[in-house]
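Residue-level structural notes
The residues making up each chain are set out below.
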Amino acid sequence: MCEDSTMVSPSIVAVEVLNSKSDTKKYITSEELRKHNKPNDLWISIQGKVYNVTEWAKIHPGGDIPLMNLAGQDATDAFIAFHPGSAWQHLSKLFTGYHLQDYQVSAMSQDYRRLASEFAKAGMFEKKGHGVIYSLCFVSLLLSSCVYGVLYSSSFWVHMLAGALLGLAWIQIAYLGHDAGHYQMMSTRGWNKFAGIFIGNCITGISIAWWKWTHNAHHIACNSLDYDPDLQHLPMLAVSSRFFNSLTSVFYGRKLTFDRLARFFVSYQHYSYYPIMCVARVNLYLQTILLLLSKRKVPDKGLNIFGTVVFWTWFPLLVSCLPNWPERVAFVLVSFCVTGIQHVQFTLNHFAANVYVGPPTGNDWFEKQTNGTIDISCSSYMDWFFGGLQFQLEHHLFPRLPRCHLRSISPIVRELCKKHDLPYTSVSFFDANIMTLKTLRTAALQARDLTNTAPQNLLWEAFNTHG
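Residues numbered from 1 in each chain as written. Predicted model: local features only at pLDDT ≥ 70, side-chain atom pairs only at ≥ 80, totals over all residues. Heavy atoms only, no water.

It is worth spelling out the overall build of the protein at this point. Along its length, the protein carries 19 helices and 10 strands. Projecting the C-alpha coordinates of the protein onto the three principal axes gives extents of approximately 85 × 60 × 45 Å. Looking at the protein residue by residue over its 467 residues, the buried ones come to 51%. Residue pairs in contact within the protein that sit at least 24 positions apart in sequence constitute 72% of those at least 6 positions apart. As displayed, the protein has an accessible area near 22300 Å², and 61% of this comes from carbon and sulfur atoms. Treating the 38 positive side-chain charges of the protein as one cloud and the 32 negative ones as another, the clouds have centres 4 Å apart. (Helix = DSSP H or I, 4+ residues; strand = E, 2+ residues; numbered from the N terminus. Buried < 20%, exposed > 50% of the residue type's maximum accessible area, 1.4 Å probe, protein only. Contact = heavy atoms within 4.5 Å. Areas by Shrake-Rupley, 256 points an atom, 1.4 Å probe, with all protein chains shown as cover. Lys, Arg positive; Asp, Glu negative; His and termini not counted. Charge placed at Lys NZ, Arg CZ, Asp CG, Glu CD.)

This part covers the side chain of asparagine 52. Turning to its location among the elements, asparagine 52 is positioned in strand 5 (residues 49-52). Residue asparagine 52 is classed as buried on the basis of its relative accessible area of 8%. Of note is the side chain of asparagine 52, whose polar atom sits 2.7 Å from the side chain of threonine 54. (Polar contact = N/O pair within 3.5 Å; in protein donor to acceptor, adjacent residues only side chain to side chain.)

Another aspect to go through is the environment of tyrosine 274. Structurally, tyrosine 274 is set in helix 10 (residues 269-278). The spatial distance from the C-alpha of tyrosine 274 to the C-alpha of leucine 437 is 9.8 Å, given a sequence separation of 163 residues.

This part is about the packing of aromatic side chains. The full count for this structure, using the stated rule, is 31 aromatic pairs. Ring geometry for tyrosine 112 versus phenylalanine 366: centroids 6.0 Å apart, planes at 70°, classification edge-to-face. Pair noted here: tyrosine 112 is in helix 4 (residues 107-121) and phenylalanine 366 is in helix 14 (residues 365-371), with a separation of 254 residues, a long-range link. Here tyrosine 112 falls in the buried class, since its relative accessible area comes to 0%. For phenylalanine 366, a relative accessible area of 1% corresponds to the buried category. Taken together, the ring pairs in this structure connect Trp170, Tyr285, Phe311, Trp312, Trp314, Phe315 and Phe336 into an aromatic cluster. Over the ring of tyrosine 252 we find arginine 254, and its NZ or CZ is 5.2 Å from the ring centre. Above the face of the tyrosine 356 ring, lysine 368 is positioned so that its terminal group lies 4.6 Å from the ring centre. (Phe/Tyr/Trp six-rings, centres within 6.5 Å; stacked < 30°, edge-to-face > 60°. Lys NZ or Arg CZ within 6 Å of the ring centre and 35° of its normal.)

Throughout the structure, instances matching the rule amount to zero disulfides. Of all cysteine sulfurs, the one in cysteine 404 lies closest to cysteine 137, which takes part in no disulfide; the gap is 16 Å. (Disulfide = S-S within 2.5 Å.)

Turning our attention to the pairing of strand 5. Strand direction decides the pairing type here: strand 4 (residues 41-46) and strand 5, joined by four bridges, are antiparallel. Residue pairing in the sheet places tryptophan 43 in a bridge with asparagine 52 of strand 5. Adjacent in sequence and paired antiparallel, strand 4 and strand 5 are bridged by two residues, among which glutamine 47 carries a positive phi angle near 50°. Note that strand 5 and strand 6 (residues 95-100) share two bridges and pair antiparallel. Counterpart to lysine 49 in the pairing with strand 6 is histidine 99. (Pairing = 2+ DSSP bridges.)

To continue, consider the UniProt feature "transmembrane region" (unreviewed entry) in the protein. With numbering aligned to this structure, UniProt lists the feature "transmembrane region" (unreviewed entry) at residues 131-151, 157-178, 190-211, 273-293 and 305-325. Across residues 157-178, helical content stands at 100% and strand content at 0%; the span's end C-alpha atoms are separated by 32 Å. The span residues 190-211 carries 86% helix and 0% strand; its end-to-end C-alpha distance comes to 18 Å. (UniProt positions renumbered as here; feature names shortened; annotations may be inferred.)

Turning next to the UniProt feature "domain: Cytochrome b5 heme-binding" (unreviewed entry) in the protein. In this structure's numbering, the residues bearing the UniProt feature "domain: Cytochrome b5 heme-binding" (unreviewed entry) are residues 25-109. Along residues 25-109 one finds 24% helix and 26% strand; the C-alpha atoms at either end are 25 Å apart.

Attention now moves to the pattern of salt bridges. The final tally for this structure, using the stated rule, is 10 salt bridges. The salt bridge partner of aspartate 111 is arginine 114, with a shortest N-O separation of 3.9 Å. Here arginine 114 and aspartate 111 lie together in helix 4, a separation of three residues that amounts to about one turn. Aspartate 383 is paired through a salt bridge with arginine 407; the nearest N and O atoms lie 2.8 Å apart. Remark: arginine 407 occurs in helix 17 (residues 406-419) and aspartate 383 occurs in helix 15 (residues 383-386); sequence separation between them is 24 residues. (Salt bridge = Lys/Arg side-chain N within 4 Å of Asp/Glu carboxyl O.)

Let us now look at helix 18 (residues 429-448). Taking 1.5 Å as the rise per residue, helix 18 with 20 residues should run 28 Å; its terminal C-alpha atoms sit 29 Å apart, in good agreement. If you follow the buried residues of helix 18, they end up packed against helix 9 (260-267), helix 10, helix 13 (325-348), strand 9 (375-377) and strand 10 (426-428). (Expected span 1.5 Å × (residues − 1).)

A few words on the packing of helix 6 (residues 156-182) against helix 8 (residues 208-220). Closest axis-to-axis distance for the helix 6/helix 8 pair is 11 Å, and the angle between their directions is 70°. The orientation of helix 6 with respect to helix 8, classified from their angle, is roughly perpendicular. When the axes of helix 6 and helix 8 are compared, the crossing they make is right-handed. Across the interface between the two elements, Gly177, His178, Gly181 and His182 of helix 6 pack against Ile208, Trp211, Lys212, His215 and His219 of helix 8. Class assignment for the residues of the contact of helix 6 with helix 8 results in two nonpolar, six polar and one charged. (Axes fitted to C-alpha atoms, helices over the stretch in contact; angles between N-to-C directions. Parallel < 35°, antiparallel > 145°, perpendicular 65-115°, else oblique. Left-handed = near helix turned anticlockwise from the far one by under 90°. Nonpolar A, V, L, I, M, F, W, Y, C, P; charged D, E, K, R; others polar.)

Attention now moves to the nonpolar core. Formed by 41 residues in total, the largest nonpolar core has its most connected members in Trp170, Met185, Trp210, Phe315 and Phe331. Contributing elements (two or more residues each) for this core: helix 5 (131-152), helix 6, helix 7 (189-204), helix 8, helix 11 (280-293), helix 12 (301-320) and helix 13. Here this core takes seven residues from helix 6, the largest share from any one element. Not counting residues within four places of it along the chain, the set of residues in contact with tryptophan 170 comprises Ile203, Thr204, Arg281, Tyr285, Phe311, Phe315, Ser335, Phe336, Thr339 and Gln342. (Core = buried A, V, L, I, M, F, W, Y, C linked by side-chain atoms within 4.5 Å.)

Here's what the structure looks like:
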């Protein structure tokens, strides 16, 4: 923990104020707080109190990225969004003794915090319903049917159906992993960790540690082109022409180079979007392996590696039970294409929304979430298919809220957005696809305008430049 949390640098100008009880409070300004925004000097404020989280960031359960992204500023709304009430008791160990002199709360933040408090008092964060049990039973049925179809049928079409069922099972498992990553869906933290690794690493081959690492950053810096990894897909996709300036990814710590190869792919991305989504799972496997083999500190790294090895044991064995290579390849492609529907859904929620460059700021938490998310409107009988994530804004504002409550709070969030003149975008699945394709097409045409080279020559240039 942060043993020196009460010490400050000599450069700080503190203002001592004598209150009515003759107690002294030490104050610093927001300008002074902003100076403490480095990994070795990391401060944040929560409800006007200033905390030194330099050492805590190294062991923070949510990783160091969220703290780094909000370093040197007020993080009250983000803290409320991501932490249960029990987390407040740990803050005293990190308190510097300083208060924020110019601390103010906007009317919008007041309403947001009031809502969070009302939801907590109603026990909504603890009431998870029976969705987890239903989902686990459904997934078990899908996986059992897939294995039965592969092992006990010689029909090509039954094998393809088995591949589709496996893809559908992976979709539902991803929703369960998402639940386990955001809140405790099981009875204890130990069982919750087991569930995350088992259904994530063992069954899907995608590390729950990788998911938490990227997903927490996505939530904090929603739709920031250089801070949100969920928008950084060069050389294949670019949702904004700002990527053409070869932005530096703060998350990955490297330059996102927009070269001839990237320009070629982006120029046709509105055509390649769906094919890319069909095989997007390959990228997730690669990202998992790269993270687990890296020198980066990964929570429960051994368990994550073990779970990933389990997946790469049973999945190839299952595929090898098919009678020939054409059927094996077709089986894998069908399963990947079905899960591609989910990859499309994830991109629909953000690709066509507003974007910005730079770090997130804690004092406009609500605005950033409303501007960077798009809800998918659908009937309640389709909630199982979208896993609750069709209510993307509601989820981003209250990430710990179990999905069974998201539909019920949607009208409340809509009214709050209306009150503060903020966007609440909710469109059909079809319209969201159209919006996304238009966004990709706009960037594609802008990429083509960067050069006078004829489009038919771009592939030749890319081939000769990059081999």
